[in-house]
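Structural features, examined
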Amino acid sequence: MGRAYRPSGVRVRVPASSANLGPGFDALGLALGLYDDVELSIVSDGLLVEVTGEGARDVPTDESHLLVRAARAAFDRLGGQPAGLRLSCTNRIPHGRGLGSSAAAIVAGVVAASVLADPDAGPRGALSDDELLSLATELEGHPDNVAACLLGAGTIAWMEGPKAQAVRFHPAADLVPVAFVPTQPLSTEVARGLLPARVPHADAAANAGRAALLVHALTTDLSVLLAATEDRLHQAYRAAAMPVSAMLVEKLRAADIPAVISGAGATVLALTSGDGPSVEVLAGYAPAGTAVLPLTVDYCGAVARPS
Ligand SMILES: Nc1ncnc2c1ncn2[C@@H]1O[C@H](COP(=O)(O)OP(=O)(O)O)[C@@H](O)[C@H]1O
Ligand SMILES: N[C@@H](CCOP(=O)(O)O)C(=O)O
């Protein structure tokens, strides 16, 4: 017999995230102060999905909606499906731009289900953060965005067999992430398809050193960010799919501004600091049609409260 759920609702706020940060492919993530808000309620029957904001015209409003699929997966883990669900999404994270929109939808879904199953069990409900992270990673396919979105701040994620693990780190207070968001989406699946099965040992070794340096740079010494954000494992392989962004990274870096492709692209993320170039100066580098978004680091991750 399935688990019995009381009719109830939960609101979840989830942050955007930037994965990789240059050398930390599938490992490093940074939660950003740009949020999707969702409300999931248990009702007597059926499924109703309402979406406003980003993706409203594109995402499905049936069982194939990503957040519904994630919530269903979590309800399965929790002992069964509720009689009916009502979902309302207010989306602000652009889709398919490398800012972790799919991770945010998945994290929102698993956290919402977890809280609906047992609102009193803890801030994120019946499932532990470890369980939420592993389930979200199974659904997303890689742990970096979901770790940052779930836990907030900077995260280092890794896999122990099928289970995802992550630790948080606190980026320096004067870190200012600035996103250059292009108009055209690029699917993460397509961008992952451009990566080779094997890479030269020297490139892997170079990235290991830079990724380690990057955690030091972000937490302790922003002045070494330019060296710390160098990548040889993914950006060049994907450049043909995002030539304008690849060129922008090159131009910013040539001007000593640490810049990387955010996630699988094609957003470019500049990691500046209080005494770095102003947003106006950065905007001067933006190709036509690119939105320049000065952001903050999010330190909370997924936050749920009963509705
Ligand atoms: N809030 C959301 N609700 C429903 N589906 C979503 C949502 N966010 C993302 N998606 C799905 O994920 C796709 C984008 O995922 P992906 O290619 O991984 O890019 P991103 O870098 O934005 O995560 C969208 O086209 C959509 O199908
Ligand atoms: N490590 C992943 C990150 C994908 O991030 P997204 O925001 O584009 O979904 C990759 O580089 O493929």
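Conventions and cut-offs
- Think of each chain on its own: its residues are numbered from 1, step by step along the sequence as written.
- Just so you know, chain letters begin at A and ligand numbers begin at 1, following the order they were written in.
- Per-residue local features of the predicted model are confined to residues with pLDDT of at least 70, and side-chain atom pairs are confined, for both listing and counting, to 80 or more; whole-chain, interface and lining totals are unaffected and use all residues.
- UniProt positions are given in the numbering used here, feature names are shortened, and annotations may be inferred rather than shown by experiment.
- Under the DSSP-based scheme used, a helix requires at least four consecutive residues in state H or I and a strand at least two consecutive residues in state E, with every element numbered from the N terminus.
- Exposed residues have 12 or fewer other C-beta atoms within 10 Å of their own C-beta, buried residues have 20 or more, and partly exposed residues fall in between, where C-beta atoms are placed from the backbone.
- It is the C-beta atoms, placed from the backbone, that decide contacts: two residues are in contact if theirs lie within 7 Å.
- What makes a residue near a molecule or strand is its C-beta atom, placed from the backbone, lying within 6 Å of it.
- Under the scheme applied, nonpolar residues are Ala, Val, Leu, Ile, Met, Phe, Trp, Tyr, Cys and Pro; charged residues are Asp, Glu, Lys and Arg; polar residues are all the others, including Gly.
- Per the annotation, domain bounds derive from an automatic or database assignment of domains.
- Residue-level confidence of the predictor is what pLDDT reports, using numbers from 0 through 100.

The protein chain has the name Homoserine kinase in an unreviewed UniProt entry, where Fodinicola feengrottensis is given as its organism. Under the Sequence similarities (unreviewed entry) heading, UniProt states for the protein chain: "Belongs to the GHMP kinase family. Homoserine kinase subfamily." Checking UniProt for the protein chain, the heading Subcellular location (unreviewed entry) contains the comment "Cytoplasm".

Under the UniProt annotation, "binding site: ATP" (unreviewed entry) lies at P94, H95, G96, R97, G98, L99, G100, S101, S102, A103 and A104. When you line up the elements, R97 lands in the loop between β4 (84–91) and α2 (101–117). With 27 C-beta atoms counted inside 10 Å, the residue R97 sits in the buried group. By secondary structure assignment, the location of G98 is in the loop between β4 and α2. Setting aside residues no more than four positions away along its own chain, G98 makes contact with I261, S262, G263, A264, G265, A266 and T267.

On to the site of ligand 1, then. Every one of the 21 residues lining ligand 1 counts as a neighbour, but L66, S101, S102, A105 and T188 are closest to it. Of all elements in the fold, only α1 (66–77), β4 and α2 reach the threshold of two or more residues within the shell around ligand 1. When its residues are assigned to classes, the shell around ligand 1 shows seven nonpolar, 12 polar and two charged. Of the residues that make up the shell around ligand 1, three or more belong to each of domain 1 (9–170 + 298–306) and domain 2 (175–294).

Residues in contact with ligand 2 amount to 17 residues; listed here are only the nearest, A19, G98, T188, G263 and A264. When residues of the shell around ligand 2 are assigned to their parent elements, the largest contribution, three residues, is made by helix α5 (residues 188–192). Looking at which domains feed residues into the shell around ligand 2, each of domain 1 (9–170 + 298–306) and domain 2 (175–294) supplies at least three.

Now for the domain arrangement of the protein chain. Each assigned domain of the protein chain is listed with its residue range as follows: domain 1 (9–170 + 298–306) and domain 2 (175–294). A C-alpha centroid distance of 24 Å is found between domain 1 and domain 2. Contact residues are listed per partner, giving 25 residues for domain 1 and 29 residues for domain 2. Of all the secondary-structure elements, those providing two or more residues to the side of domain 1 that touches domain 2 are β1 (9–20), β2 (24–43) and β5 (154–160). Of all the elements, β2 adds the most residues to the side of domain 1 that touches domain 2, at six residues. Along the lines of polarity and charge, the residues of the side of domain 1 that touches domain 2 split into 12 nonpolar, 12 polar and one charged.

What follows covers the UniProt feature "domain: GHMP kinase N-terminal" (unreviewed entry) in the protein chain. Within this structure's numbering, the places UniProt gives as "domain: GHMP kinase N-terminal" (unreviewed entry) are residues 66–152. The span residues 66–152 is 56% helix and 9% strand, and its two end C-alpha atoms sit 21 Å from each other.

This part is about the confidence of the model for the protein chain. Chain-level statistics for the protein chain give a pLDDT mean of 97 and a share of 100% at 70 or above. The ipTM for the predicted assembly is 0.99, set against a pTM of 0.97.

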